[in-house]
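What follows is the residue order along each chain.
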Amino acid sequence: MRVVTGGQMRELDRTAMEDYGIPGLVLMENAGLAVVRVVQQVLGEVAGKRVAVFAGKGNNGGDGLVVARHLFNAGAEVKVLLLAKPEEISGDAAVNLAIWQKMGQPVYPVARGEDLSAVRLFLVGAHAVVDAIFGTGFKGAAREPAAGVIEAINASGKPVVAVDIPSGVEADTGQVHGPCVRATHTVTFALPKLGLVQEPGRSHVGELHVADISIPSFLLEEGTPGRYLITEKMVREWLPPRPAWAHKGSCGRVLVVAGSRGMTGAACLAALGAARAGAGLVTLAMPAELQDVMAVKLTEVMTVGLPGTREGTLARSARSEILALLERADVLAIGPGLSRHLETVALVRELLPALRVPCVIDADGLNALAGDVQLLSRISVPAVVTPHEVEMARLLGRPLEEVRSRRLAVAEEAAANWGVVALLKGAATLVACPDGSTYINPTGNPGMATGGSGDVLTGVIAGLLAQGMSAPRAAAAGAYLHGLAGDMAAREKGMRGLLAGDILELLPSAIAQVECNVMIA
Ligand SMILES: NC(=O)C1=CN([C@@H]2O[C@H](COP(=O)(O)OP(=O)(O)OC[C@H]3O[C@@H](n4cnc5c(N)ncnc54)[C@H](O)[C@@H]3O)[C@@H](O)[C@H]2O)[C@@H](O)CC1
Ligand SMILES: [K+]
């Protein structure tokens, strides 16, 4: 599903109105009605229920006045609290304010510096709150009186249905610079806004509903390459069918180059991630001294010992053997647990430009490139890099804070500059592609912030690549399935004690859920 900025949404609204003649009031009416449906879901029968509608001075407030009217007509007891003087309201919002007033209904203006005890009293008696204070026109931090009102709404503990976007979230970035409504439900119009699917905005959204407001559907699909929220349906369509005649050789062969003394687990998890994602054959290549241990740990994965350093890491001289092994592989996954040994760094740097199969580069594979990241643009095959924020900052030689606060821009620049798929891990993992498309992952939970979780992801992406998926789709589907498996694991075991091995265990169930268990083409 496409995700847009506030500016792109305004442009879509404008096109619907000017080029297709759909009146703004119709869009606003549809928006309000969509919110009413969710309020009805929350409250059940609305007749006799008390609803507090907080309306700002822009069109978001106009939507709120539509909501108020329909809830009133359905028998609810509605209080409209206006965070502006009535004469400040203009355009379609003013039309809806006038209708409300002609219906004999009062508005309660809330002015700056006003004692908010009356507002708190309304909230105590309310069954639900509608937040129509700010929408896509909001920037920065909420000023008074909105700031105090937002805090009062959050303190009320009542169900809050946010109109378009929780007030206080910036639509384009998801940044929250001051008080911000914590909604239980958000009804966004036509398409999700970027701020709703990125942190910290995402944590304020509650259950997200995307509502049709009668903008012509084909306008919503345009604009490729664009930004997309990864959905289960997308992943289902992307996963290659497994025909009845499939055999292990036809399902893709992955070579995982990983591990060093003391870091055998990372290598195992990556190899098993590839196997669990459905690769037909997985081979793990590591320093020879580790092979016996690995062979005991791994049953379904083949192991190969390579020349090692005295410190138990891969030696530079392993290059030719790895290239020979790659003659019989469809994909390379490199990096987990390799260490930052200088010889191993040299091996990675010399290997990458020689690759002839698609690759996934993670962890120490990426650390090896710090200081020489342009090496990535010399890779002539499709490549996926999977840094977390610290690794991304190291690769770019930029402050971590910058990566954190500009995740989307950083990932998109990296993909464009390096010509690889840049998957930036973290809450709402981003998959930025060299063609300018970006996929945003909705699955996953904080329990997955545990050692080895990223190694599993590397393996999953490699496993999907090996089955013939393109690099962008393998990375996006990999992030989605990995997160879904993590969500399933968290449901079983809770978040705190979740281990990477639990994600591995639930990957088959996650894939089966997405495929609706339809495995045979
Ligand atoms: N035709 C359209 O454009 C449609 C717009 N719709 C609604 O309209 C909304 C966008 O409307 P607007 O562009 O009027 O914007 P908003 O309704 O988001 O209002 C922004 C108002 O808040 C003020 N503001 C911005 N930052 C502030 C801050 N930090 N502190 C205090 N005040 C601040 C602005 O000066 C402006 O008056 C959408 O989110 C959606 O809810 C829908 O009705 C559908 C149709
Ligand atoms: K809002």
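Residues numbered from 1 in each chain as written. Chains lettered and ligands numbered in written order. Predicted model: local features only at pLDDT ≥ 70, side-chain atom pairs only at ≥ 80, totals over all residues. Heavy atoms only, no water.

(A) Structural view of the environment of E412. Counting through the fold element by element, E412 comes out in helix α17 (residues 407-418). Here the alpha-carbon distance between E412 and C433, two residues 21 residues apart in the chain, equals 7.2 Å. Residue contacts for E412: discarding those within four places in its chain leaves R227, A432 and T438. (Helix = DSSP H or I, 4+ residues; strand = E, 2+ residues; numbered from the N terminus. Contact = heavy atoms within 4.5 Å.)

(B) Quick look at empty space enclosed by the protein. In the structure shown here, the tally under the stated rule is one cavity of 30 Å³ or more. Estimates place the volume of the largest cavity at around 30 Å³. Here the lining of the largest cavity takes five residues from α17, the largest share from any one element. Residues belonging to the lining of the largest cavity are distributed by class as follows: four nonpolar, one polar and two charged. (1 Å grid on protein atoms, 1.4 Å probe; cavity = no way out; pocket = protein on both sides within 12 Å on 5 of 7 lines; lining within 4 Å. Points joined across faces, edges and corners; volume = space filled by probe spheres on them. Nonpolar A, V, L, I, M, F, W, Y, C, P; charged D, E, K, R; others polar.)

(C) Examining the site of ligand 1 more closely. Looking at ligand 1, there are 21 residues lining it, with D63, G135, K139, A141 and D164 nearest. Measuring from an oxygen atom of ligand 1, one finds a side-chain N or O atom of D63 at 2.4 Å. Take T136: an N or O atom from its main chain is 2.9 Å from an oxygen atom of ligand 1. If ligand 1 stood free it would expose 880 Å²; the protein chains cover 81% of that surface. The pocket occupied by ligand 1, as judged from atoms lying within 2 Å of grid points, is the largest pocket. Listing elements by their share of the shell around ligand 1, those giving two or more residues are α1 (6-18), α2 (24-43) and α3 (59-73). Counting residues per element, the shell around ligand 1 draws most heavily on α3, at three residues. A per-class count over the shell around ligand 1 returns nine nonpolar, six polar and six charged. (Near = heavy atom within 4 Å. Polar contact = N/O pair within 3.5 Å; in protein donor to acceptor, adjacent residues only side chain to side chain. Areas by Shrake-Rupley, 256 points an atom, 1.4 Å probe, with all protein chains shown as cover. Sits in = over half its atoms within 2 Å of the grid points.)

(D) Main features of the UniProt feature "domain: YjeF N-terminal" (unreviewed entry) in the chain. The feature "domain: YjeF N-terminal" (unreviewed entry), as given by UniProt, occupies residues 9-221 in the numbering adopted here. As a span, residues 9-221 carries 40% helix and 16% strand, and end to end its C-alpha atoms are 12 Å apart. (UniProt positions renumbered as here; feature names shortened; annotations may be inferred.)

(E) Summary view of the pairing of strand β10 (residues 253-257). Most of β10 sits out of view: four of its five residues are buried. With helix α10 (residues 264-276) bridging β10 and the parallel strand β11 (residues 281-287), this β-α-β connection has right-handed handedness. Across four bridges, β10 lies against strand β13 (residues 331-334) in parallel orientation. Looking across to β13, one finds that V254 is bridged to V331. (Buried < 20%, exposed > 50% of the residue type's maximum accessible area, 1.4 Å probe, protein only. Right-handed = clockwise from strand over helix to strand, strands pointing away. Pairing = 2+ DSSP bridges.)

(F) Local environment of the pattern of salt bridges. One pass over the full model with this rule turns up 22 salt bridges. Residue K233 pairs with E237 through a salt bridge whose shortest N-O separation is 3.4 Å. Residue K233 and its partner E237 are both found in helix α9 (residues 232-238); the two are separated by four residues, about one turn of the helix. Residue E237 is classed as exposed on the basis of its relative accessible area, which comes to 54%. Its salt-bridge partner being R253, residue D330 comes within 3.1 Å of it at the nearest N-O pair. Of the two residues, D330 is situated in the loop between α12 (319-326) and β13 and R253 in strand β10; the sequence distance between them amounts to 77 residues. (Salt bridge = Lys/Arg side-chain N within 4 Å of Asp/Glu carboxyl O.)

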